[in-house]
Amino acid sequence: MDRLTNTAYWTNLSSYFGRGGKMLFYHGVSDPWFSAFDTVNYYERMAADSGGMELVREKSSRAFLVPGMGHCSSGAALDRFDLLSAVVDWVEDGKAPDLVVATGPAFPGRSRPLCAYPQHAHYKGQGDPESAASFECK
């Protein structure tokens, strides 16, 4: 019965993805209730069971880890970002989100890219260190 009710076992989403479904995940790395590692673990298992990480990332799903963010928002983080527009752009225009720009009241005037897992934001070595435009996903 546990497999019917515990969604942690629901990792083969190939039927949903096969019909064009898109899914974005996000998780605060400083979440005090649920570990971001649990979300990463689920994402990796889901990708493996749904055609492989490369296929899933290319066509169906992306995950974004938010440094410093607690449970769903807050914390010493840039926790304001728009995943709804990102998934709409992917569904309607075929533009998969490689990054989403985040801002937040904890750091006024600062922006950073949230990179699609497994990539991370890296400073390019030039430009305003407070601007997402000075970073790239690697």
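Up top is the structure.
Residues numbered from 1 in each chain as written. Predicted model: local features only at pLDDT ≥ 70, side-chain atom pairs only at ≥ 80, totals over all residues. Heavy atoms only, no water.

Engineer: Can you tell me about helix α3 (residues 36-49), naming the residues and giving the values?
Structural biologist: Compared with the 20 Å implied by 1.5 Å per residue over 14 residues, the 20 Å span of α3 between its first and last C-alpha is a close match. For α3, the set of buried residues is Ala-36, Thr-39, Val-40, Tyr-42, Tyr-43, Met-46 and Ala-47. Down the axis of α3, the smallest arc covering the buried residues is 160°, so these residues share one side. Exposed residues lying more than 90 degrees from the buried face of α3 are Phe-37, Asp-38 and Ala-48. Looking at the buried side of α3, the elements it contacts are α2 (14-18), β1 (23-28), α4 (53-59) and β2 (61-66). Two to three positions downstream of the cap, the backbone nitrogen of Phe-37 sits 3.0 Å from a side-chain oxygen, assigning the N-cap of α3 to Ser-35. Immediately beyond the C-terminal end of α3, within one or two residues, lies Gly-51, with a positive phi of roughly 115°. (Helix = DSSP H or I, 4+ residues; strand = E, 2+ residues; numbered from the N terminus. Expected span 1.5 Å × (residues − 1). Buried < 20%, exposed > 50% of the residue type's maximum accessible area, 1.4 Å probe, protein only. Arc of directions from axis to C-beta. Contact = heavy atoms within 4.5 Å. Polar contact = N/O pair within 3.5 Å; in protein donor to acceptor, adjacent residues only side chain to side chain.)

Engineer: A description of the nonpolar core should follow, citing residues and the corresponding values.
Structural biologist: Counting residues in each nonpolar core, the largest one holds 15 residues, and the members touching the most others are Leu-24, Phe-64, Leu-83, Val-100 and Leu-114. For this core, the secondary structure elements donating two or more residues are β2, α5 (83-93) and β3 (99-102). If one sorts the elements of this core by residue count, α5 sits on top with four residues. With residues up to four places along the chain from it excluded, the contact list for Leu-83 reads Leu-24, Tyr-26, Phe-64 and Val-100. Counting eleven residues, the second-largest nonpolar core is a separate cluster that includes Met-46, Ala-47, Ala-63 and Tyr-117. (Core = buried A, V, L, I, M, F, W, Y, C linked by side-chain atoms within 4.5 Å.)

Engineer: Got a sec to walk through the state of the cysteines? Specific residues and values, please.
Structural biologist: Inspection of the entire model under this criterion finds one disulfide. Linked covalently through their sulfurs, Cys-115 and Cys-137 form a disulfide whose S-S length is 2.1 Å. One quick way to see it: the torsion about the S-S bond of Cys-115 and Cys-137 is about -80°, and its sign makes the bridge left-handed. Of this pair, Cys-115 sits in strand β4 (residues 112-115) while Cys-137 sits in strand β6 (residues 135-137), and the two are 22 residues apart along the sequence. (Disulfide = S-S within 2.5 Å.)

The analysis is restricted to geometry; functional conclusions fall outside its scope.
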